[in-house]
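# Summary of structural features
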Amino acid sequence: MHENSRPQHAFTEPHLPERGSESGYSNTPVTKVPGWHGIIAWDALLNGMATGLFLAAAVSELAAPAVFMRVAKVAYPVAFVLLLVDLGLLVLDLGDPLRFHHMLRVFKPGSPMSVGTWSLTIFSLPLTAAAALSLLAELGMDFEWARILAVVLGLLPGFASAAYKGVLLSTNAQPGWKDARWLGGYLTNSALLMGCAELLVLSALMGQTQATAILRTAFIVLLVLNVIPLGLLFANLRPTHAQLYTREQQWRVGVLIAAGTVIPLGLMLLNGGLPFILVAVIFLLAESWLIRFVYVKIPHTSPLEVRSGE
């Protein structure tokens, strides 16, 4: 999405302050909420799955190629497909899909949306190369040096692509989002966690026992670490939650989110077999989608939005 592609929906500017005012926009109400709904929650999930899988596969392969090269060659094409679906959702969300090329007309280093758009664009190039070269290697046309170069070149834009959505949401004036200072940290760590989980599933399906054992340990560690940015994000938004939801609603969502951490952790500590891995990853992905859906919907359920619609 580009900030110029949805002038009436994505980030509507507040009323301009009077000339000479020193307060800027800090005390100025936002007049409209973005026209974002469930499709953006899926976009955020797929973005994390694609970038996270690439990063997990790349770091694993570069660190221990003898152990992870085979599963990494499968992971890159899967990440490419996930990214294609994600980009398709982004184009559809523009309102006018034919204007998707407007996203690349300018580059604004101070705009999280512009930086994110270009990061995704740049990331797609080495990911495409890594996926294509991995498939060619399976056909006997092995250009190993080029494939590794593509993997290395994709690391930085891949990390930026995983991080920008949280930064984008937490640096705008929408109610709730502007207080979510740890949203970027959560989405970045969540992407790495989901990527590790996806790579774990692939390694288990392929019968790569050594890779599976290492990834299982990494998955447990990342799952525990993910509680930290998630807890800090909840602390950021505690006043917002109190305004928007009843105590019972907060408990319900809290229990569902906690289950998305506790159940996968319990399953991984109990058994490392494929059925346990699949169930653990399904619970993790469901929790990850729920969190993104709840936070995307915050401005739509805020008292400000209710008042503006009266």
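All values derive from a computational prediction rather than experimental measurement. Here the residue index of a chain counts from 1 through its sequence in written order. Side-chain atom pairs in this predicted model are given and counted only at pLDDT of 80 or more, local residue features only at pLDDT of at least 70, and totals for whole chains, interfaces and linings cover all residues. Note that the side-chain values use all heavy atoms of the structure and ignore hydrogens as well as water.

## Overview of the packing of aromatic side chains
Stacked, tilted and edge-to-face pairs are distinguished by plane angle, under 30 degrees for stacked and over 60 for edge-to-face with tilted covering the rest, among Phe, Tyr and Trp rings (Trp via its six-membered ring) whose centres lie within 6.5 Å. Per the counting criterion, the structure on display carries 4 aromatic pairs. Centre to centre, the rings of Phe54 and Tyr76 are 5.6 Å apart; their planes meet at 50°, and the pair counts as tilted. Of this pair, Phe54 sits in helix H1 (residues 38-63) while Tyr76 sits in helix H2 (residues 65-92), and the two are 22 residues apart along the sequence. Type-normalised accessible area, obtained with a 1.4 Å probe on protein chains alone, sets the label of each residue: buried when under 20%, exposed when over 50%, and partly exposed for intermediate values. Taking relative accessible area as the criterion, Tyr76 reaches 0% and is therefore assigned buried. Put simply, DSSP marks the helices as runs of H or I at least four residues long and the strands as runs of E at least two long, and each gets a number from the N terminus on.

## Comments concerning the confidence of the model for the protein chain
Should pLDDT be low for a region, the predicted coordinates there are not to be read in detail. Per-residue confidence from the predictor is reported as pLDDT, a score between 0 and 100. On average, residues of the protein chain carry a pLDDT of 78, and 71% of them reach 70 or more. Ranking the elements of the protein chain by mean pLDDT puts helix H13 (residues 303-308) last with 44 and helix H7 (residues 209-225) first with 95. Counting contacts from residues 1-28, a segment whose pLDDT is below 50, to residues more than four positions away or on other chains yields 49 contacts. Contact between two residues is taken to exist if any of their heavy atoms lie within 4.5 Å; hydrogens are not considered. Segment residues 304-310: pLDDT under 50, and 6 contacts once partners within four positions in sequence are set aside and those in other chains are kept.

## Details of the side chain of Asn226
Relative to the elements of secondary structure, Asn226 occurs in the loop between H7 and helix H8 (227-236). With residues near it in sequence (within four places) discarded, Asn226 still touches Tyr186, Asn189, Ser190 and Leu193.

## Comments concerning the nonpolar core
We define the nonpolar core as a collection of buried residues of types Ala, Val, Leu, Ile, Met, Phe, Trp, Tyr and Cys that are connected through side-chain atoms lying within 4.5 Å of one another. Counting residues in hydrophobic clusters, the biggest one holds 50 residues, and the most contacted among them are Phe54, Tyr76, Leu199 and Phe219. Every element with two or more residues in this core is listed here: H1, H2, helix H3 (112-138), helix H4 (144-153), helix H6 (183-205), H7, helix H10 (247-270) and helix H11 (274-296). For this core, the element with the highest residue contribution is H2, accounting for 11 residues. Apart from residues no more than four positions distant in its own chain, Phe54 is found in contact with Tyr76, Ala79, Phe123, Leu127, Ala150, Val151, Gly154 and Leu155. Among the nonpolar cores identified, the runner-up in size contains 13 residues, and Leu183, Tyr186, Leu237 and Ile257 belong to it.

## Focus: the environment of Leu62
Within the secondary structure, Leu62 is located in helix H1. In this structure Leu62 comes out as partly exposed when scored by relative accessible area, which is 37%. Along the backbone, Leu62 and Ile148 are 86 residues apart, and their C-alpha atoms lie at a distance of 8.3 Å. Residues in contact with Leu62, not counting those within four places in the same chain, are Ile148, Val151, Val152 and Leu155.

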